[in-house]
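# A closer look at the structure
Letter by letter, the chains look like this.
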Amino acid sequence: MGASELFTGERFIPGAGDDKLGIEHYQRYLGVREMVRGKVVLDAACGEGYGSDLIASTAKQVTGLDIDGETIARARETYKERKNLRFLQGSIESIPLGNASVDAVVSFETIEHVPEAVQHSFLNEISRILRPGGFLIMSTPNKKIYSDLYHYKNEFHIREFYKEEFLAFLGQKFQHVKLYDQAFRVVSMMDSGDEGEGRCHIMCPALRGSATESIISQWHRM
């Protein structure tokens, strides 16, 4: 089955969907490769495994976890040459890893797809498997911008977060939380090519588009 047949709109599949969707998803993983360099990482709800493979290029060991068995089977076959990468079938409610077994957890566009009770179970599991000094990198749509501003309803999202809600949610387990925004911007630049004075940069206003809050949290035992 090809990518277009597999794509339902619920999760990103390389080779399916529009370019904007692909850029958003790849940028998140490419943006954190240096952060996880040399670390043991869990990619929670890894989907087709493309992101797990990207961060495995710098990480010591990566485990991709997804609840769907067919998806995991495809990922195992596609990325079988990557020796420091493995894929497990399992739920974010009960992660099949030991206590204090990973340095970092990556979870992109996952938490909004599950009910509130599962969200809290997932957060508990993350804190259980992280080593002291480990960190979480998580993204989720900003409900105020993604949904409210454009009166949009994503049929696959069960519970989205406002920024303040997300901070409070993560604050239950994390002492230090830093927020970043991800959004499309259209840039027009005029550049003389000179390094010194005389360089001219003109930037166009941002176009309308969804924004994503990317969360980087440093975990300490509480």
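Let me begin by describing the structure that accompanies this report.

About the cut-offs
Residues numbered from 1 in each chain as written. Predicted model: local features only at pLDDT ≥ 70, side-chain atom pairs only at ≥ 80, totals over all residues. Heavy atoms only, no water. Buried < 20%, exposed > 50% of the residue type's maximum accessible area, 1.4 Å probe, protein only. Helix = DSSP H or I, 4+ residues; strand = E, 2+ residues; numbered from the N terminus. Arc of directions from axis to C-beta. Contact = heavy atoms within 4.5 Å. Polar contact = N/O pair within 3.5 Å; in protein donor to acceptor, adjacent residues only side chain to side chain. Pairing = 2+ DSSP bridges. Right-handed = clockwise from strand over helix to strand, strands pointing away. Salt bridge = Lys/Arg side-chain N within 4 Å of Asp/Glu carboxyl O.

### Brief notes about helix H4 (residues 69-78)
Residues of H4 that are buried: Thr71, Ile72 and Ala75. Summarising the axial view, the buried residues of H4 lie within an arc of 95°, below the 170-degree limit, and thus occupy one face. Summarising the contacts, the buried residues of H4 are in contact with strand E2 (61-66) and strand E3 (85-89). Where H4 starts, the residue carrying a side-chain oxygen 3.4 Å from the main-chain nitrogen of Glu70 turns out to be Asp68.

### Some points on the pairing of strand E4 (residues 102-108)
Counting buried residues along E4, seven of its seven residues qualify, which places the element largely inside the surrounding structure. Two elements, strand E1 (residues 40-44) and E4, share three bridges in a ladder whose sense is parallel. When the sheet's bridge partners are listed, Val41 is paired in E4 with Ala104. Once you follow E4 into helix H5 (residues 116-129) and on to strand E5 (residues 130-141), the crossover reads as right-handed.

### A look at the environment of Phe174
Among the structural elements, Phe174 can be located in the loop between helix H7 (163-170) and strand E6 (176-183). Take Phe174: its relative accessible area is 3%, and that puts it in the buried class. Separated by 47 residues in the primary sequence, Phe174 and Ser127 place their C-alpha atoms 8.4 Å from one another.

### Here we look at the pattern of salt bridges
Going through the model one piece at a time under the given rule, you end up with seven salt bridges. Across the pair Glu34 and Arg37 runs a salt bridge, and its minimum N-O distance is 2.6 Å. Look at Glu34 and you get exposed, because its relative accessible area is 53%. Glu48 is the partner of Arg74 in a salt bridge, and the nearest nitrogen-oxygen pair spans 2.7 Å. Here Glu48 lies in the loop between E1 and helix H3 (50-56) and Arg74 lies in helix H4, a separation of 26 residues in the sequence. Residue class for Arg74 comes out partly exposed when judged on its relative accessible area of 26%.

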